[in-house]
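Here is what each chain is made of, one letter per residue.
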Amino acid sequence: MIWSKAETLPRLELEKLQTSRLKETIARVYGVVPFYQQKFKEMGIVPEDIKSIKDITKLPFTRKQDLRDNYPFGMFAVNQDAVVRIHSSSGTTGKPTVVGYTKSDMDVWNEVMARVFTMSGINSEDTVHNAYGYGLFTGGLGVHNGAETVGATVVPSSGGFTSRQLLLMKDFNSTVLTSTPSFALHMAETAKKEGYDIKKDFKLKCGIFGAEPTSVGLKEEVSRVWGIDYYEIYGLSEIIGPGVSNSCCESRDLHIFEDHFYPEIVDSKTGEVLPYGEKGELVITTLTKQALPIIRYRTGDITSLDLTPCKCGRTHVRMKSVMGRVDDMLIVNGVNIFPSQVEHVLSNISDITLNYQIIANKKGYLDSLEIMVEVTEEMPMDSIGALEKIQKNIQSELLNNLYINAKIRLVEPRSIERSMGKAIRVIDKRSL
Ligand SMILES: [Zn+2]
């Protein structure tokens, strides 16, 4: 099922729509947002220079820091009385980023989230157990509104209180779980510990997971332990929240809702636009946002785009699942490494789990890499021979597949610190 006709527009029509919406957006920010007025002036551009969507490359980038520098409402393009909702991300350093929505922005958000739910095969007969965090974070409320828009029953359980969540999910016969993949695994682990029979006690058919970079192996793990279909959602509060793209039933790739968000892939160092198929940093321009229109936002997420037609019938471009963050990428002795690549290698090795931590350090002038990996419950920690064999196996697989030399340390189950929200997979001691 497809929620909106806009998802199947022929590419040429889509481009026309993008062009007219981009022009409107540029005129709006040029008129009222001092940050963009200044940027356009510096680059010697006026709105009339933008004649088609292809001219977007003439426009300046926007970075997270720009939102922080204009904290709280300096980038807003409407007066306060038109704003109906504020969200904010908790910045780990410096000021938080604040985003705002008008009534029409909320309509767009509900619309794209309704597309996400429909794409994941969910309708009014479903009960959605929503374990994304509610509050200033956009995850909880964004998913909530989308589920209501398609007429599903929503259980707004938010994060934490895992035992109670399991009880409600079972007693309410929830058919859909929405959460981060790591929380879904944490829930499954708790369910097993508490004696639930996962496949019998729960009525789940699918889940919509996101908000953290996730390897194929981890997705398969979530799908396997719960016995459900895995749909992946992508989004970020600076653009709208969850609902920028979602995977369809025909492909693991995620369709970007291009009538509202225009994607580009750029070289993260030079800012140069890269062709379809090439891996780089995702940049997004909002085409319909009123309160906080954003031009060429540097998401920091690494992915690539694919225009190959999809069997599902949607014409919107597909993005690969995010491989990592520009700032998560480790350069170890000159080799680029993403945690997701390491995870993929680990997912093909038995007797270990996908709970791991990559620790980069310096030994003299050279970088050294250590990877801690938890073994499975069934693997006894005193069978030295077997453990050594696994260690050697991981080492040679990493060397053969990723050309990296790492020391492997196998540890007991649940000994690496868990994070309920976003998993921190990398500790770089070289910069400490
Ligand atoms: Zn598709």
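Scroll up to find the structure.
The rules behind each value
Residues numbered from 1 in each chain as written. Predicted model: local features only at pLDDT ≥ 70, side-chain atom pairs only at ≥ 80, totals over all residues. Heavy atoms only, no water. Axes fitted to C-alpha atoms, helices over the stretch in contact; angles between N-to-C directions. Helix = DSSP H or I, 4+ residues; strand = E, 2+ residues; numbered from the N terminus. Left-handed = near helix turned anticlockwise from the far one by under 90°. Contact = heavy atoms within 4.5 Å. Buried < 20%, exposed > 50% of the residue type's maximum accessible area, 1.4 Å probe, protein only. Polar contact = N/O pair within 3.5 Å; in protein donor to acceptor, adjacent residues only side chain to side chain. Pairing = 2+ DSSP bridges. Donors = N, O, S within 2.8 Å, 3.2 Å for Na, K, Ca; no water. Tetrahedral: all angles 85-135°; square planar, octahedral: opposite > 155°, others 65-115°. Disulfide = S-S within 2.5 Å.

Chemist: A description of the packing of helix 7 (residues 181-193) against helix 9 (residues 216-226) should follow, citing residues and the corresponding values.
Modeler: Their axes nearest at 10 Å, the elements helix 7 and helix 9 cross at an angle of 35 degrees. The way helix 7 lies across helix 9 gives a crossing that is left-handed. For the pair helix 7 and helix 9, the contacting residues are Pro181, Ala184, Leu185, Met187, Ala188 and Lys192 in the first and Leu218, Glu221, Val222, Val225 and Trp226 in the second.

Chemist: Report on the environment of cysteine 248, specifying residues and quantitative values.
Modeler: Note that cysteine 248 resides in the loop between strand 8 (241-247) and strand 9 (254-256). Separated by 129 residues in sequence, cysteine 248 and methionine 119 place their C-alpha atoms 5.5 Å apart. Ignoring any residue separated from it by four or fewer positions in sequence, one finds cysteine 248 in contact with Met119, Tyr231, Asp253, His255, Cys310, Cys312 and Arg314.

Chemist: How would you summarise the side chain of glutamate 264 if you had to cite specific residues and measurements?
Modeler: Within the fold, glutamate 264 resides in strand 10 (residues 261-266). By relative accessible area, which is 5% here, glutamate 264 ends up buried. Of the polar contacts made by the side chain of glutamate 264, one reaches the side chain of arginine 296; its length is 2.9 Å. Those residues in contact with glutamate 264 that sit more than four places away from it in its chain are Ile56, Thr57, Val273, Glu281, Leu282, Val283, Arg296 and Leu305.

Chemist: Pulling in residues and values, what's your account of the sheet that holds strand 10?
Modeler: The strand order across the open sheet built from 4 strands is 10-11-12-15, with neighbouring strands paired in antiparallel fashion. This sheet does not close on itself; its edge strands, each paired only once, are strand 10 and strand 15 (324-325). With 4 bridges connecting them, strand 11 (residues 280-286) and strand 12 (residues 297-303) associate as antiparallel partners. Looking at strand 12, one finds that isoleucine 284 is bridged to tyrosine 297.

Chemist: Account for the coordination of the zinc ion, with residues named and values stated.
Modeler: Within the protein, the atoms that donate to the zinc ion are Cys248 (SG), His255 (NE2), Cys310 (SG) and Cys312 (SG), at distances of 2.1 to 2.3 Å. Of note is the zinc ion, whose 4 donor atoms meet at the metal with angles of 101 to 114 degrees in an arrangement that counts as tetrahedral. Look at where the donors of the zinc ion fall in the sequence and you get C-x6-H-x54-C-x1-C. In this pair, histidine 255 sits in strand 9 while cysteine 310 sits in the loop between strand 13 (305-306) and strand 14 (318-319), placing the two residues 55 residues apart along the sequence.

Chemist: Summarise the state of the cysteines; cite the residues concerned and give the values.
Modeler: All chains considered together, the criterion is met by 0 disulfides. Residue cysteine 206 stays outside any disulfide, its sulfur separated by 11 Å from that of cysteine 249, the closest cysteine. Among the cysteines around cysteine 249, which has no disulfide bond, cysteine 248 carries the closest sulfur, lying 5.5 Å off.

Chemist: Account for the sheet that holds strand 7 (residues 229-236), naming residues and giving values.
Modeler: Across the sheet, which stays open at both edges, the 9 strands sit in the order 4-3-5-6-7-8-9-14-13 with mixed pairing between neighbours. At either end of the open sheet lies a strand with only one pairing partner, and these are strand 4 (153-155) and strand 13. Direction of pairing for strand 13 relative to strand 14: antiparallel, over a ladder of 2 bridges. Looking at strand 14, one finds that aspartate 306 is bridged to arginine 318.

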